[in-house]
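# Notes for the structure review
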There are 2 protein chains.
Amino acid sequence: MKRYLVKPGSKVNLSKVPTKDDSMFPDESKETHLVKLDELRQSMQDHQHKFMAAASHKFLVIIQAMDTGGKDGTVRHVFAKIDPAGIRVVPFKKPSEEELAHDYLWRVHKEAPANGEMVVFNRSHYEDIVAVQVKNLAPERVWKKRYDHINNFEKMLADEGTKIVKIFLHISKDEQAERLRKRLENPEKRWKFNLDDLEDRQRWDEFQKAYEVLIEKTSTDHAPWHIIPADRKWYRNMVVSKLISDELEELEVELPKLSFDPSQIVIED
Amino acid sequence: MKRYLVKPGSKVNLSKVPTKDDSMFPDESKETHLVKLDELRQSMQDHQHKFMAAASHKFLVIIQAMDTGGKDGTVRHVFAKIDPAGIRVVPFKKPSEEELAHDYLWRVHKEAPANGEMVVFNRSHYEDIVAVQVKNLAPERVWKKRYDHINNFEKMLADEGTKIVKIFLHISKDEQAERLRKRLENPEKRWKFNLDDLEDRQRWDEFQKAYEVLIEKTSTDHAPWHIIPADRKWYRNMVVSKLISDELEELEVELPKLSFDPSQIVIED
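A brief look at the structure comes next. (Residues numbered from 1 in each chain as written. Chains lettered and ligands numbered in written order. Predicted model: local features only at pLDDT ≥ 70, side-chain atom pairs only at ≥ 80, totals over all residues. Heavy atoms only, no water.)

### What about helix H11 (residues 233–250) of chain A?
Residue and element names in this part refer to chain A. The end-to-end C-alpha separation of H11 is 26 Å, in line with the 26 Å expected for 18 residues at 1.5 Å each. The buried fraction of H11 amounts to 14 of the 18 residues, a majority that puts the element mostly inside the structure. One or two steps after H11, the chain reaches Glu-252, where phi turns positive at roughly 50°. (Helix = DSSP H or I, 4+ residues; strand = E, 2+ residues; numbered from the N terminus. Expected span 1.5 Å × (residues − 1). Buried < 20%, exposed > 50% of the residue type's maximum accessible area, 1.4 Å probe, protein only.)

### Focus: empty space enclosed by the protein
Taking a probe equal in size to a water molecule and rolling it over the atoms shows the remaining empty space. Inspection of every chain in the model, using the stated rule, returns 1 cavity of 30 Å³ or more. Looking at the largest cavity, its volume works out to about 50 Å³. Phe-79, Ala-80, Ile-82, Pro-84 and Ile-87 of chain A together with Phe-79, Ala-80, Ile-82, Pro-84 and Ile-87 of chain B are the residues that line the largest cavity. By residue class, the composition of the lining of the largest cavity is 10 nonpolar, no polar and no charged. (1 Å grid on protein atoms, 1.4 Å probe; cavity = no way out; pocket = protein on both sides within 12 Å on 5 of 7 lines; lining within 4 Å. Points joined across faces, edges and corners; volume = space filled by probe spheres on them. Nonpolar A, V, L, I, M, F, W, Y, C, P; charged D, E, K, R; others polar.)

### Thoughts on the relation of the copies chain A and chain B
One copy of the chain maps onto the other through a rotation about an axis plus a displacement along that axis. The two copies are related by a screw motion: chain A maps onto chain B through a turn of 180° and a shift of 0.0 Å along the axis, at an RMSD of 0.0 Å. Both copies are brought into coincidence by an operation consistent with a two-fold rotation axis. Most of the interface of chain A is mirrored in chain B, where 100% of its interface residues again form contacts. (Least-squares fit on C-alpha atoms with pLDDT ≥ 70 in both. Contact = heavy atoms within 4.5 Å.)

### Observations concerning the sheet that holds strand E3 (residues 118–122) of chain B
Residues and elements named next belong to chain B. Across the sheet, which stays open at both edges, the 5 strands sit in the order E2-E3-E1-E4-E5 with parallel pairing between neighbours. One side of each edge strand has no neighbouring strand; the edge strands of this open sheet are strand E2 (87–91) and strand E5 (225–229). Recorded for the sheet is a direction-independent mean angle of 20° between the axes of neighbouring strands. Taken together, the 5 bridges between E2 and E3 define a ladder with parallel strand orientation. By the bridge assignment for E3, Val-90 is matched with Phe-121. Against the sheet, helix H2 (residues 71–78) engages strand E1 (58–65), E2, E3 and strand E4 (162–170), with an angle of about 145° to E1. Sitting on the sheet, helix H7 (residues 146–159) is in contact with E1 and E4, with an inclination near 135° to E4. (Pairing = 2+ DSSP bridges. Axes fitted to C-alpha atoms, helices over the stretch in contact; angles between N-to-C directions.)

Spelled out as structure tokens, the structure:
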């Protein structure tokens, strides 16, 4: 998995990072990957089951991407076998009036995972730098301070027992055009089309630049970024599944200790 | 599905209601049901996908049962294919100090579903009648009023667009003994064993009686109870899957209307 990890302190040039790749699963294809993907999901399910029982760690997945980057699809496909009792997916949409009346991390902190809980952020506090910056929603002196806030916030979460996995789904501008067109053509998907996405597309380069700086400044030892080639959905699903499964496994959680001697217990009829 | 529905106003005698049955899927067995179960889950997934997109209704599933009745397993198996972004499972455990300082519906109301959201209560406000009554945690004059409170509360939820599906997983006392013994024998499951369950088991008859009155008094037109034979896990999973799938289908939701003309939109390269 190291190939997609952004080493803390390294420079990021998104135009040099592939959006199409198959190097992790070179023998698979769109046609043949489903069996392997299902094995990865099963492995994730097994680890997550123990993780939930142990209730000793917290697990936070943060997913960011350009529009149509595949955030919803990744959630749907990668976490398809997780026990719904053990996962919470939190979409961060445009903040409400009450949320805007607070600091930007207030609504985020409320959704942080508890012990034994896996939480997936679909968008996150990173929009409070990237979107705010590109769409000019707040002056630079405001959002510039947020890199440090976020690093400090995530450090605290990590110190208190949260495993943080940050994922940037990296697609090309051509792939976005194709996905937007498909969305418009398909009567079942058309309702998902958002006119605002076209405005954001015109600022593609600004967004990419903002993400580069963001990833450089917030890929830390306690919460590094992974840039996942995401033009091919099947490959993206496999890589993210492997990543989550590995991270869960590395926690090496233990089932809770018993507070009683099972041999002394009698179940009466 | 009508066979397990408790008609509003009818009497309930749990000892006369089967805990073992196969009348809904007479051709299936523990060995052969998986294909059919997967079809039911797929159907549920399709309906739920549209339900989520429509975001016009709210969906609340309430699951109650005796200890080892299969609440966790039902959640895990029945909702195995639901998009994790569209479901929230809420376990109601022993109330916290803050929760106890409020009325008993306060913590419940906070977890009510929003439009397009499916929420599953693993235990619920019904514990505030049954457990409170049998374990004598509050005087009768307190819990006696709660049947009406709950009927009124659920009526309001239903009037405001919530589909409420209430499920009692019905197991026999013998089946409970077997499950408790298995839990103790299996090193992977042993940690789940709770000594309090043995105390509750000694009050089996009191619990059954309390559930009978509860179901009689709170099976309403807007939120009826279903008593599901749950000694056989595979059959329970199939019946509950069918029930949820049917209820979702009956909502007849519509995809959101478009606010633009797709033919007028050009995606530039």
